[in-house]
Amino acid sequence: MYKLVKFAISSVITSLRFTQFCLMLMALLTMIDFILTLMTIELPSFIQIVFDYIYTIQSLIYKPNLSIIPVDFTLVVAAIEMLILAGLMVYVHNFVIEFEQVLDKVQKDSNRRFEQKFNKQLEKNAVKIEALNKQFALLYDVEIEKNYDKYAYENKPIDTNIKIVEYRSLFRTTMTQNFKVVSQQLTNGTLLFFENINDCNEVFNKIYEFSKLAQQTLKPLNVKFKLKTAVCIANKNDSKENFVPKLKKLLNIAQPNKIMALGDFKNKYTTLKEQPYKINGIGEYSINNETIDVYTLEP
């Protein structure tokens, strides 16, 4: 709308200037025709017809009748009226320019207020995004295998499947009791969402404590306990297609009882004030035509 009004104003200003020029030129030519008429010099008929038309119109408006001087000043009056009209158009021109300046000022003020509102909205969005970026996701799974190398005949046989279910549930309970976490069961593994990235060191502490305690508890039963974990920056509202396949890839290549991490988590972790866990890069892996950097977080 603003651009349309600006275009209209520009067109009016151009038209006014062109009209002023035409009126002044016609006034000059009319005076020349008047002088030539006094000198009894005739112009070509196709030119004279224009001034005859001006004379006719002016006669209908006003025709001076001076008995003292036997000269017809009708064309002179027409020329003077043209000059007066051209002069009056200067005020119209200035009014249009002032209107344009007011319009520009209003638009500038509107843009300023819109920019302020837009910047405030950006700040709010940035706060929301930052809040979402503080959340992180952890995918975990438990594996328990019999240790045939240290098989003892006196030990009673155990059902590893039951133990796996037991320790999966026990680990989830440990996390939910100590942190604000949302749990989602997947086909392979359980997905946990934590609200605050600043809690990650405490989460890692619990992971390593749980893993160590489980290994000690299951050692007399001659079984191997493996807790596989993988973390990335994500929240429960994100599309799982963007990060779950990557976390599953990390579980497939996971080093038992060590925390695996994607590059986004590694980058976020390096910004924390406290970084008691060491970050080790273990390589690049391909998934769905995308290369991902994989790291471990170890005490």
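Reading guide: rules and limits
Position numbers for residues count from 1 along each chain, tracking the sequence in the order it is written. In keeping with the model being predicted, local features are shown solely for residues with a pLDDT of at least 70 and side-chain atom pairs are shown and tallied solely at 80 or more, while totals for entire chains, interfaces and linings include all residues. The basis for every side-chain value is the complete set of non-hydrogen atoms in the structure, without hydrogens or water. Helical segments are the DSSP runs of H or I of at least four residues, strand segments are the runs of E of at least two, and each set is numbered from the N terminus. The contact criterion used is simple: two residues touch if any of their non-hydrogen atoms lie within 4.5 Å. Using a 1.4 Å probe, the Shrake-Rupley method yields the accessible areas, and only the shown protein chains count as cover for residues. Neither His nor the chain termini are counted; the positive set is Lys and Arg, and the negative set is Asp and Glu. Where a charge lies is defined by one atom per residue type: Lys uses NZ, Arg uses CZ, Asp uses CG and Glu uses CD. Counted as salt bridges are all cases of a side-chain nitrogen of Lys or Arg within 4 Å of a carboxyl oxygen of Asp or Glu. Axis definition: a line fitted to C-alpha atoms, over the contacting stretch in the case of helices. Angles run 0 to 180 degrees between N-to-C directions. For classification purposes, angles smaller than 35 degrees are called roughly parallel, those larger than 145 roughly antiparallel, those between 65 and 115 roughly perpendicular, and all remaining angles oblique. Should the near helix be turned counterclockwise from the far one by less than a right angle, the crossing is left-handed, whereas a clockwise turn marks it as right-handed. Gly is placed with the polar residues, together with every amino acid not listed as nonpolar (Ala, Val, Leu, Ile, Met, Phe, Trp, Tyr, Cys and Pro) or charged (Asp, Glu, Lys and Arg). Two strands qualify as a pair provided that DSSP identifies no fewer than 2 bridges between them. Only protein chains enter the accessibility calculation, which uses a 1.4 Å probe; a residue whose area is less than 20% of its type maximum is buried, one above 50% is exposed, and one in between is partly exposed. What the arc covers is the set of directions going from the helix axis to the C-beta atoms. To form a nonpolar core, buried Ala, Val, Leu, Ile, Met, Phe, Trp, Tyr and Cys residues must be joined to one another through side-chain atoms within 4.5 Å.

*Asks:* Can you explain the overall build of the protein chain? Please cite residues and give values.
*Replies:* Regarding its fold elements, the protein chain presents 7 helices and 7 strands. Secondary structure elements in the protein chain, listed N-terminal to C-terminal, are α-α-α-β-α-β-β-α-β-α-β-α-β-β. The C-alpha extent of the protein chain, read off along each of the three principal axes, is 150 × 35 × 30 Å. Long-range contacts, defined as pairs at least 24 residues apart, comprise 69% of the intrachain contacts of the protein chain with a sequence gap of at least 6. A total accessible area of about 19500 Å² is found for the protein chain, and carbon and sulfur atoms account for 58% of it. If the 36 positive side-chain charges of the protein chain are averaged to one point and the 31 negative ones to another, these points end up 11 Å apart.

*Asks:* Before we move on, could you go through the pattern of salt bridges and cite the residues and values that matter?
*Replies:* Applying the stated rule across the entire model yields 10 salt bridges. Between Asp109 and Arg113 there is a salt bridge; the shortest N-O distance is 3.0 Å. With a gap of 4 residues between them, Asp109 and Arg113 both fall in helix α3 (residues 74-133), about one helical turn apart. Between Lys226 and Glu145 there is a salt bridge; the shortest N-O distance is 3.9 Å. Of this pair, Lys226 sits in strand β4 (residues 223-233) while Glu145 sits in strand β1 (residues 136-146); the two residues are 81 residues apart in sequence, bridging distant segments of the chain.

*Asks:* Describe in detail the environment of Phe99, supporting the description with residues and values.
*Replies:* Its place among the elements puts Phe99 in helix α3. For the pair Phe99 and Ser169, spaced 70 residues apart in sequence, the C-alpha separation works out to 74 Å.

*Asks:* Can you break down the packing of helix α4 (residues 160-178) against helix α5 (residues 200-218) residue by residue, with the values?
*Replies:* Between α4 and α5, whose axes approach to 11 Å, the crossing angle comes to 150°. On the basis of the axis angle, α4 is roughly antiparallel to α5. In this structure, α4 meets α5 at a crossing whose hand is right-handed. Where α4 abuts α5, its residues Lys163, Tyr167, Leu170, Phe171, Thr174, Met175 and Asn178 lie against Val203, Lys206, Ile207, Phe210, Ala214, Thr217 and Leu218. Of the residues in the contact of α4 with α5, the class split is 9 nonpolar, 3 polar and 2 charged.

*Asks:* Could you give an account of the sheet that holds strand β5 (residues 259-262), naming the residues involved and the relevant values?
*Replies:* The sheet built from 7 strands is open, its strands ordered β2-β3-β1-β4-β5-β7-β6 with mixed pairing. With one partner strand each, in any of the chains shown, β2 (181-185) and β6 (278-287) form the two edges of the open sheet. Shown here is a sheet whose adjacent strand axes are inclined to one another by a mean of 25°, direction ignored. With 5 bridges connecting them, β2 and strand β3 (residues 190-194) associate as antiparallel partners. Bridging from a neighbouring strand, Val181 pairs with Phe194 of β3. With respect to the sheet, helix α6 (residues 244-252) is in contact with β1, β3, β4, β5, β6 and β7 (290-298), its orientation differing from that of β4 by roughly 150°.

*Asks:* Go over α6 with me, naming the residues and quoting the values.
*Replies:* Among the residues of α6, Val244, Lys246, Leu247, Leu250 and Leu251 are the ones counted as buried. Projection of α6 onto a plane perpendicular to its axis shows the buried side chains occupying an angular sector of 160°, all on one side. Lining the buried residues of α6 we find β1, β3, β4, β5, β6 and β7.

*Asks:* Tell me what's going on with the nonpolar core, and back it up with residues and numbers.
*Replies:* Counting residues in hydrophobic clusters, the biggest one holds 35 residues, and the most contacted among them are Phe204 and Phe265. Of all the elements in the fold, those that place two or more residues in this core are β1, α4, β3, α5, β4, β5 and α7 (263-269). Per-element tally for this core: the top contributor is α5, with 8 residues. The contacts of Phe265, once residues within four sequence positions are left out, are Phe136, Ile197, Cys200, Phe204, Val231, Cys232, Ile233 and Leu297. Counting 19 residues, the second largest nonpolar core, distinct from the first, contains Leu186, Leu191, Phe243 and Leu251.

Nothing here speaks to function; it is geometry throughout.
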